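Per-entry structural report
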Amino acid sequence: MGDRGIVIVGAGECGGRAAFALREAGHTGPVTLIGAERHLPYERPPLSKDGMAGGMPAARTIADADRFDGAGIKLMLATEAVFIDAASQTVRLSDGTDCGYERLLLATGARPRRLPFAETSRHCLYLRTHDDAAAIAARLAAEQRVVIVGGGFIGLEIAAAARKRGCAVTVIEAMHRLLVRAVPVEIADMVADVHKANGVDLRIGTSIQSITDIGEGVAIGFGDGRSLTADLCIIGIGAVPNAELAGAAGITIDNGISVDETLRTSDPAIFAAGDCCSFPLSIYGGRRVRLESWRNAQDQGALAARNMLDAGEPHAAVPWFWSDQFDLALQIAGLVDEGRRVVRRDLGAGAFLLFHLADDGRLVAASGIGPGNSVARDIRLSEMLIGRRAAPPAETLAAPDAKLKSLLAA
Ligand code: FAD
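Residues numbered from 1 in each chain as written. Predicted model: local features only at pLDDT ≥ 70, side-chain atom pairs only at ≥ 80, totals over all residues. Heavy atoms only, no water.

**Some details on the overall build of the protein chain**
Our working definition: Strands are runs of DSSP state E lasting at least two residues, helices are runs of H or I lasting at least four, and both sets are numbered from the N terminus onward. The atom set for the radius of gyration is the C-alpha atoms, and the globule formula is 2.2 Å times the number of residues raised to the power 0.38. Each residue gets one of three labels from its accessible area relative to the maximum for its type: buried under 20%, exposed over 50%, partly exposed in between, using a 1.4 Å probe on protein chains only. Contact between two residues is taken to exist if any of their heavy atoms lie within 4.5 Å; hydrogens are not considered. Only the protein chains shown count as cover for residues, and the accessible areas themselves come from Shrake-Rupley with a 1.4 Å probe. We treat Lys and Arg as the positive residues and Asp and Glu as the negative residues; His and chain ends play no part in the count. Lysine's charge is taken at NZ, arginine's at CZ, aspartate's at CG and glutamate's at CD.
A tally of regular secondary structure across the protein chain gives 11 helices and 26 strands. Against the compact-globule benchmark of 22 Å for 410 residues, the protein chain has a radius of gyration of 22 Å, which places it among compact chains. Expressed along its principal axes, the backbone C-alpha trace of the protein chain runs to roughly 65 × 60 × 35 Å. Every one of the 410 residues in the protein chain was classed for burial, and the buried ones make up 55%. The long-range share in the protein chain, meaning contacts at least 24 apart out of those at least 6 apart in sequence, stands at 60%. For the protein chain, the exposed area adds up to about 17100 Å²; of that, 50% sits on carbon and sulfur atoms. When the 43 basic and 49 acidic side-chain charges of the protein chain are each reduced to a single mean position, those positions are 3 Å apart.

**Side note on the site of the ligand**
Inclusion rule: When at least one non-hydrogen atom of a residue lies within 4 Å of a molecule or strand, that residue is treated as near it. Distance and chemistry together define a polar contact, namely a pair of N or O atoms within 3.5 Å, with one atom able to donate a hydrogen and the other to accept it when in protein, and with adjacent residues in sequence counting only for side-chain atoms on both sides. Under the convention adopted here, Pro, Cys and the residues Ala, Val, Leu, Ile, Met, Phe, Trp and Tyr are nonpolar, Asp, Glu, Lys and Arg are charged, and Gly plus all remaining residues are polar.
Taken together, 34 residues surround the ligand, and among them Glu-37, Arg-44, Lys-49, Arg-128 and Asp-275 come closest. Lys-49 has a polar side-chain atom sitting 2.5 Å from an oxygen atom of the ligand. Side-chain polar atom of Arg-128 to an oxygen atom of the ligand: 2.7 Å apart, as the coordinates give it. Listed by contribution, the elements that provide at least two residues to the shell around the ligand are helix 1 (13–24), helix 5 (153–164), helix 8 (294–308) and strand 22 (320–325). Considered class by class, the residues forming the shell around the ligand number 16 nonpolar, nine polar and nine charged.

**Focus: the nonpolar core**
Stated precisely, the cut-off is as follows: Residues belong to one nonpolar core when they are buried, are Ala, Val, Leu, Ile, Met, Phe, Trp, Tyr or Cys, and are joined through side-chain atoms within 4.5 Å.
The biggest cluster of nonpolar side chains holds 80 residues, and the ones touching the most others in it are Ile-8, Leu-104 and Leu-106. With residues up to four places along the chain from it excluded, the contact list for Ile-8 reads Gly-15, Ala-18, Ala-19, Leu-22, Val-31, Thr-32, Leu-33, Ile-34 and Leu-105. Core analysis: the next-biggest nonpolar cluster, separate from the first, contains 43 residues, Leu-127, Leu-178, Ala-188 and Ala-192 among them.

**So, the pattern of salt bridges**
Any two side chains of opposite charge can pair, given that their charged atoms come close. Rules: Salt bridges, as used here, are contacts in which a Lys or Arg side-chain nitrogen is within 4 Å of a carboxyl oxygen on Asp or Glu.
Overall, the coordinates contain 21 salt bridges when judged by the stated rule. Note that Arg-103 and Asp-310 form a salt bridge whose closest N and O atoms lie 3.2 Å from each other. Highlighted residues: Arg-103 in strand 7 (residues 103–106) and Asp-310 in the loop between helix 8 and strand 22, separated in sequence by 207 residues. The exposure class of Arg-103 is buried, given its relative accessible area of 17%. Taking the shortest distance from any N to any O, the salt bridge between Arg-287 and Asp-337 comes out at 2.8 Å. A residue pair is termed long-range when its members are at least 10 positions apart, and Arg-287 in strand 21 (residues 287–289) and Asp-337 in the loop between strand 23 (328–334) and strand 24 (341–348) qualify at 50 residues. Each of Arg-287, Asp-337 and Glu-338 takes part in salt bridges that share partners, so that together they form one network.

**Observations concerning the pairing of strand 23**
Note the following rule: Any two strands between which DSSP finds at least two bridges are classified as paired.
Across the seven residues that make up strand 23, a large majority, seven, are buried. Here strand 23 pairs with strand 26 (residues 363–371) via seven bridges, running antiparallel. By the bridge assignment for strand 26, Gly-334 is matched with Ala-365.

**Considering the environment of Gln-89**
Examined against the element boundaries, Gln-89 turns out to sit in the loop between strand 4 (81–85) and strand 5 (90–93). Residue classification places Gln-89 among the partly exposed residues on the basis of a relative accessible area of 22%. With 300 residues separating them along the chain, Gln-89 and Arg-389 place their C-alpha atoms 41 Å apart. In this view, Gln-89 contacts Arg-4, Cys-99, Gly-100, Tyr-101, Glu-102 and Ala-269; residues no more than four positions away in its chain are not counted.

**Focus: the packing of aromatic side chains**
To keep things clear, this is the line we draw: Aromatic rings from Phe, Tyr and Trp, with only the six-membered ring used for Trp, were paired whenever their centres fell within 6.5 Å, and each pair was classed as stacked if the ring planes differed by under 30 degrees, edge-to-face if by over 60, and tilted otherwise.
Scanning the entire structure with this criterion turns up four aromatic pairs. Ring geometry for Phe-20 versus Phe-68: centroids 4.8 Å apart, planes at 45°, classification tilted. In this pair, Phe-20 is assigned in helix 1 and Phe-68 in helix 3 (residues 65–70), connecting sequence segments 48 residues apart. We note that Phe-20, like Phe-68, is buried. On the numbers, 4.5 Å between centres and 40° between planes, the contact of Phe-153 with Phe-321 is tilted. Taken together, the positions of Phe-153 in helix 5 and Phe-321 in strand 22 put the pair 168 residues apart, joining distant regions of the chain. Taking relative accessible area as the criterion, Phe-153 reaches 15% and is therefore assigned buried. The rings of Trp-294, Trp-320 and Trp-322 are connected pair by pair, giving a single aromatic cluster.

**What to know about the side chain of His-123**
As for its placement among the helices and strands, His-123 is situated in the loop between strand 8 (110–112) and strand 9 (124–125). Using a relative accessible area of 3% as the deciding quantity, one classes His-123 as buried. Dropping the residues within four chain positions of it, His-123 is found in contact with Arg-139, Asp-213, Gly-215, Glu-216, Gly-217, Val-218, Asp-231, Leu-232 and Cys-233.

**Brief notes about the packing of helix 1 against helix 8**
As a reminder, the rule being used: Working convention: axes come from line fits to C-alpha atoms, limited for helices to the stretch in contact. Angles between N-to-C directions cover 0 to 180 degrees. Left-handed is the label given to a crossing in which the near helix is rotated counterclockwise from the far helix by less than a right angle, and right-handed is the label when the rotation is clockwise.
Here helix 1 crosses helix 8 at 35°, and the two axes come no closer than 7 Å. Between helix 1 and helix 8 lies a crossing of right-handed hand. Contacts from Glu-13, Cys-14, Arg-17, Ala-18, Ala-21 and Leu-22 in helix 1 reach Trp-294, Ala-297, Gln-298, Gln-300, Gly-301, Ala-302, Ala-305 and Met-308 in helix 8. Of the residues in the contact of helix 1 with helix 8, the class split is nine nonpolar, three polar and two charged.

The values are spatial; any link to function lies outside them.
And the structure:
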């Protein structure tokens, strides 16, 4: 590796992890981490959970400035990469300077999908960054009427936080149920029940036609002609990968920045990882996916670091995701839509697991929900079974007393 070293664009979960992983893998040359936000790299999951429920969310940083310094990582915060000149291997920065690279990692993440007719509203907010969370938290006072557009994970976590703060909360979901893309109906139903029990007004199958500012609030108009007024509207309708920088540099884009199994883009000197990239998942026969998940960002950051140093390791991790809402935690290992048959195991106290099997009996995903940590251990074991492409007997999976660990030993 020459003098120009390695540049990472995006100082989030993935970029921050990648920078340290380069050092752990023995890289001694220059490492520059460029981040558009003014904050040190921090964790996003708490922003919609306890942090928000408690008031001003605390930024849980990945490492403090001294640790970056100590590892010889040059941090350039509040600085955006605006252009990549792939021919000269240079990144143009928002301060007008150029930064040369031998290897470049794009860890640019994703941004909230915008609702076009809410663009001019002063009372419609989105959540992605610490600053977004602070702006929302500052307005979640008791008695405030909060409408959340989108019954996905982020919308529902904010709904739970807002109820804990004493707000009147309505969730609007256009599809026929909550969490359509991500979880099986049994789990979505349990999530819906806990929200209703905690006083959230769920409006499922409801489409919005208009959002208009009226004085210190908003009027939300529905397809059926009815309307609702609120003090604050939070929009959580998905995320869009930040792939424009790569696209403008001529790198192949396919549902985000397209990478191969080693996280290399169509330009051999440039890698991409985390929420911004789509990649082939070997456990599902190379199916291309883009994941928006904390652990994937960490794993891929570390893998991209090793592969920028020519390790040539393929991505082999099983996708894993969790969400906390009220006293419930849900976890998913693998991709639920790969399953053709579901086997249920009840764990007591309302907790249950669903095992998703392929036609040939292989375990391809496991999902579970319950209070606190009740499903964590079994999902962890399921993840290992999925990774091993195991085909456990359905009767064993269904039996509450059968130990998943024994299936691993088999
Ligand atoms: P990001 O964390 O988005 O970081 C990308 C960084 O790149 C950003 O700081 C951005 O400003 C910067 N950037 C972009 N373009 C440029 C540029 N041109 N120049 C310089 N910098 C640039 N996952 C779970 O598994 N479970 C959860 O419970 C969960 N909860 C979440 C709650 C919230 C509110 C959010 C927003 C996400 C949550 N996630 C959760 C998802 C998880 O946080 C993300 O998958 C993870 O942060 C992705 O990491 P990343 O580094 O790829 O992207």
